[in-house]
Amino acid sequence: MTGLYTRWALILGATLLLGFLTYQHYQQHLSTISVGTLLGSSPATQPVRIQGMVKSGTLKGDMEQGQATFEFVDGASSLAVVYQGPPLENIRELKTLVLIGRWDSQAQVFRAQETALINNFGFVAAAYLISVLALGWMVFAMSQRVMVLFKEIKESKLYEPEAGSLGNKE
Amino acid sequence: MINRIIRQIQRYKGWFGGGAALCIFLGLYTGLLASPPDYYQGELVRIMYVHVPLAHTSTLAYSVLFGGSIWYLWKRDPLVDNMCQASASICALFTTLALITGSIWAKPTWNTWWTWDPRLVSFTVLLLILGGYLMLRRLVDDPMRGGRYAAILAIVGGIDLPIIKFSVEWWRTLHQPMSFSTRGVSISDDILIPLTLMSLGCWLLFAYMVMVRTQILYLTDLLHAKKGRLLSQTHFSQTTP
């Protein structure tokens with residue numbers, strides 16, 4: 001039984017480590033902040049991801065050349081955005097999206113270089129958790145059942161060599 | 001012959017389990033951390049790395065059940081019957097998970113948890129067939145007869161496999177068409193690597209689970225048989241003057 005639990009402790013440890021790395025990756029590279037949070041915080045030198053909506057009637061520029069200016073709103077907060085980057089195929093007024101760039105505190109504009117789709121990571125996390133937990137639990141329960149059956153056969157003094165003929169005890 | 005092959009493969013059960021764990025961990029790592037987001041779906045594409053391997057494995061599991069049932073009806077090998085029973089219960093697990101993860105993926109992309117799409121319906125029919133198979137085995141008192149009836153049901157239910165595979169081509173459907181076909185592979189390498197690793201991991205895991213479940217069924221039968229023999233011996237020694 002000890003071997004079984006040791007093996008499963010290793011698997012659980014590796015799974016938790018992977019979960020922790022994924023969470024860290026999400027926090028560092030994928031999580032977004034609101035416009036209000038960006039304006040309220042001290043000027044960030046690192047690129048940030050902000051989530052909001054393109055204000056109606058403010059989108060100007062050449063989208064195919066990847067140059068645009070617009071107002072970006074999130075609730076009551078809004079800021080001016082200067083976009084310069086890859087051609088904008090999926091940007092339009094009233095569109096909710098994520099902008100990746102830096103806040104220019106001198107010019108009081110957000111200089112965006114990239115856009116991203118808004119994703120609900122809850123769906124991704126739910127799909128992975130359900131699958132990994134269900135499969136992991138099922139395999140663990142089955143391995144434990146084999147151990148219990150071997151023990152039962154031995155303890156009830158019914159053990160005979162044919163018990164081991166379908167694979168060895170784990 | 002099949003009986004001998006099963007017994008031979010059982011010896012390498014640990015390798016299948018270890019291989020499955022390794023492939024799944026590498027697949028999860030590349031799928032969650034190393035692969036890029038999709039242009040249209042963004043990060044949601046990562047659901048594919050669990051949904052598609054689960055769905056592929058459930059059709060593989062049913063193929064094993066289908067082939068095993070034909071063999072059982074022909075040779076009446078109890079070990080093959082145990083393997084079929086094991087495949088059916090594990091196939092039911094993989095099918096359920098494929099449907100759940102598919103539903104989770106459908107909500108943000110199709111804006112619905114469920115739709116009467118041919119692929120979804122044919123996959124749900126597969127789950128119902130498996131439910132029927134497992135119930136039939138429990139409901140019939142004589143295990144030999146139950147095994148025979150269940151094998152017939154599994155063979156008849158095999159008609160659902162080509163329907164699942166070709167449903168996206170035969171009917172107008174929301175579900176995306178086949179990515180792997182004789183026409184080639186229509187997905188990029190960035191996505192193909194985690195998908196292949198996860199698929200390989202799920203196939204190995206299925207093989208490992210079938211081996212363990214077959215072993216459980218075998219040991220349970222053995223224990224019951226031995227207990228029955230012991231009881232009859234005790235009873236015989238008590239009643240004999």
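Up top is the structure.
A brief report on the enclosed structure follows. Here the structure is a predicted model, which means the values were calculated and not measured.

Secondary structure summary: chain B contains eight helices and two strands in total. The N-to-C order of helical and strand elements in chain B reads α-α-α-α-α-α-α-β-β-α. Relative to its full complement of 241 residues, chain B shows a buried share of 47%. By sequence separation, contacts in chain B at least 24 residues apart represent 75% of the contacts at least 6 residues apart. When the accessible surface of chain B is split by element, carbon and sulfur atoms take 67% of a total near 12,300 Å².

Taken together, the side chains of A:L17, A:F20, A:L21 and B:Y29 define a hydrophobic patch exposed on the protein surface, amounting to about 390 Å² of accessible area. It is helix 1 (residues 2-30) of chain A that provides the largest number of residues to the nonpolar patch, a total of three residues. Residue placement: A:F20 occurs in helix 1.

Before going further, it helps to examine the packing of helix 4 (residues 78-110) of chain B against helix 5 (residues 118-139) of chain B. Residue and element names in this part refer to chain B. At a minimum axis distance of 9 Å, the contact between helix 4 and helix 5 shows a crossing angle of 150°. Judged by the inter-axis angle, helix 4 sits roughly antiparallel to helix 5. Crossing angle aside, the handedness with which helix 4 passes helix 5 is left-handed. Every residue of helix 5 that contacts helix 4 at D81, C84, Q85, A88, S89, C91, A92, T95, T96, A98, L99 and W110 is listed here: L120, F123, T124, L126, L127, L130, Y133, L134 and R137. Here the residues of the contact of helix 4 with helix 5 are counted per class, giving 14 nonpolar, five polar and two charged.

Glancing now at the packing of aromatic side chains. Both the distance between ring centres and the angle between the ring planes are used here to describe each pair of aromatic rings. Residues and elements named next belong to chain A. The final tally for this structure, using the stated rule, is nine aromatic pairs over all chains. Arranged with centres 4.7 Å apart and planes meeting at 70°, the rings of Y26 and F121 form a pair that is edge-to-face. Remark: F121 occurs in helix 3 (residues 121-155) and Y26 occurs in helix 1; sequence separation between them is 95 residues. Y26 gets classed as partly exposed once you look at its relative accessible area, which sits at 28%. Where W137 meets F140, the ring centres are 5.8 Å apart and the plane angle is 45°; that geometry is what we call tilted. One end of the pair, W137, and the other, F140, are both in helix 3, three residues apart, so they sit about a helical turn from each other. Take F140: its relative accessible area is 15%, and that puts it in the buried class. An aromatic cluster of three or more residues is present, and its members are Y5, W8, W137 and F140.

Residues and elements named next belong to chain A. Pairing of strand 5 (residues 77-84) with strand 7 (residues 109-116) involves three bridges; the strand directions are parallel. If you follow V81 over to strand 7, its bridge partner there is F110. Strand direction decides the pairing type here: strand 6 (residues 96-104) and strand 7, joined by seven bridges, are antiparallel. Pairing of D104 across the sheet is with V109, part of strand 7. In textbook terms, the turn of a hairpin is the stretch between consecutive antiparallel strands, and for strand 6 and strand 7 this stretch comprises four residues, one of which, Q108, has a positive phi near 55°.

A few words now on the nonpolar core. Side chains of nonpolar character tend, in soluble globular proteins, to be buried together. Counting residues in hydrophobic clusters, the biggest one holds 76 residues, and the most contacted among them are B:Y62 and B:F94. The element best represented in this core is helix 8 (residues 189-239) of chain B, accounting for 16 residues. With residues near it in sequence (within four places) discarded, B:F94 still touches A:L135, B:L54, B:T57, B:S58, B:C202, B:L205, B:F206 and B:M209.

Here the focus is the environment of B:F66. Residues and elements named next belong to chain B. Along the chain, F66 turns up in helix 3 (residues 48-75). For F66, a relative accessible area of 29% gives the class partly exposed. Taking the C-alpha atoms as reference, F66 lies 9.6 Å from S87; in sequence the two are 21 residues apart.

Parameters at a glance
Residues numbered from 1 in each chain as written. Chains lettered and ligands numbered in written order. Predicted model: local features only at pLDDT ≥ 70, side-chain atom pairs only at ≥ 80, totals over all residues. Heavy atoms only, no water. Helix = DSSP H or I, 4+ residues; strand = E, 2+ residues; numbered from the N terminus. Buried < 20%, exposed > 50% of the residue type's maximum accessible area, 1.4 Å probe, protein only. Contact = heavy atoms within 4.5 Å. Areas by Shrake-Rupley, 256 points an atom, 1.4 Å probe, with all protein chains shown as cover. Patch = residues over 30% accessible without salt bridge, like charges linked within 9 Å, V, L, I, M, F, W, Y side chains within 5 Å. Salt bridge = Lys/Arg side-chain N within 4 Å of Asp/Glu carboxyl O. Axes fitted to C-alpha atoms, helices over the stretch in contact; angles between N-to-C directions. Parallel < 35°, antiparallel > 145°, perpendicular 65-115°, else oblique. Left-handed = near helix turned anticlockwise from the far one by under 90°. Nonpolar A, V, L, I, M, F, W, Y, C, P; charged D, E, K, R; others polar. Phe/Tyr/Trp six-rings, centres within 6.5 Å; stacked < 30°, edge-to-face > 60°. Pairing = 2+ DSSP bridges. Core = buried A, V, L, I, M, F, W, Y, C linked by side-chain atoms within 4.5 Å.

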